[in-house]
Every structure is written in C-alpha cells, then in structure tokens.
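# Reading the structure
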Amino acid sequence: QLIKYIDFKNCNSLSDLGSGAGFPGIVLSIFFMDVLTFHVKLYEKSRVKVKFLNSLKDKLSLNQLLIFDNDYQYHKIDTNYVVCRAFKKLSEVLRISRETIQKPHKLIVMLGKSAQDEINKASKDSFFKYKLFSSITQSESKILLVDVKK
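Note that the structure is predicted; figures quoted are calculated from it, not measured. Residue indices begin from 1 for each chain and proceed along its sequence in written order. A pLDDT threshold of at least 70 governs which residues receive local features in this predicted model, and a stricter bar of 80 or more applies before side-chain atom pairs are shown or counted, although totals over entire chains, interfaces and linings include all residues. Heavy atoms from the whole structure form the basis of all side-chain values; hydrogens and water molecules are not counted.

## A look at the environment of Ile3
Here a strand is any run of E in DSSP of at least two residues, a helix any run of H or I of at least four, and the numbering for each starts at the N terminus. Mapping Ile3 onto the fold places it in the segment before strand E1 (13–17). Sequence separation between Ile3 and Val148 is 145 residues, and the spatial gap between their C-alpha atoms is 19 Å. With sequence-adjacent residues up to four places away left out, Ile3 is seen in contact with Leu28, Phe31 and Phe32. Should any heavy atoms of two residues lie within 4.5 Å, those residues are counted as being in contact.

## Looking at the pairing of strand E3 (residues 65–68)
Only protein chains enter the calculation, and the probe is 1.4 Å; a residue is then buried if its accessible area is under 20% of its type maximum, exposed if over 50%, and partly exposed in between. Burial along E3 is one-sided: the face carrying Leu65 and Ile67 is buried and the face carrying Leu66 and Phe68 is not. We call two strands paired when DSSP finds no fewer than two bridges between them. Taken together, the 4 bridges between strand E2 (residues 39–43) and E3 define a ladder with parallel strand orientation. For Tyr43, the partnering residue across the bridge sits in E3 and is Phe68. Crossovers are marked right-handed if the path from the first strand over the helix to the second runs clockwise, as seen with the strands pointing away from the viewer. For the crossover that starts at E2, traverses helix H2 (residues 47–60) and ends in the parallel E3, the hand is right-handed.

Printed below as a string of structure tokens:
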C-alpha cells in the first residue's frame, strides 16, 4: 500500500528506520527488485534481527537491499524516502528525519489508531505540513506523509 506514495522513477533510494523483521522495507525491496537503480536500505540495531534480515536477503536474492547492522545514528543517511513503522514516537521520528537525513526527502510513517493524537502532540514541538491517508490493511490505521525540507 505504500507503493503509490513512492516515485521510484525520480529517486534512487529508500531507507527503513528500525526495520525490525523487515516491514515494510523487505516488502518494498521485493516490489522494486527489478529496478536496478533503486536501493532499499534497512537500519536495525538488534543483531538478532539483522541476522534474520540478512538470511531473508540471501534467500530472496534481494541484491539491491542494503542492511546496516547498527543504529541509524552512526550513518550519514542519503536517501529520497524514509519509511518507518513502530520505530519511535512521531516527534522523535520527525527530529531524526530532519537532523540525520542528508537531503530533502519524503517521510512515510505508518501509524495506528492514535495517529491524530500523535500528530497533535508532535505539532506542539515543531511545525510540519503533512497528508494523512487511511490504511488499506487496517481500518483504524493511517499513513502519514511529510515533505522534509533541509
């Protein structure tokens, strides 16, 4: 369901922060596996989860998938899109996105039923323009899109 928000023809990478078991990063990597100029980057600090992600990468032959086996803070992230699901509180995700990503990008955050409350709390800390869409997989969940300027 995130595919329609990603313009892969005008970008070359997508980063999944706090990848966990690989959702949505692995699924996006599978979808874009025939686009040789597009890379999906997973950032996960748990060594157990990284080992699992690497095994999926090998079994599925996801050659354009890059897995970083430590925290996002140790990297200069150069990407066109950032996605995350159950990573951190929204205000923290926005801060990380602004401070860590090296260029203007689009932020896609998968949120649960408390999406509007999270947006309201995050809006108290910083101003951001956003679009909110309903999830097709769960009626109460939302997808938040933010254009992050540098």
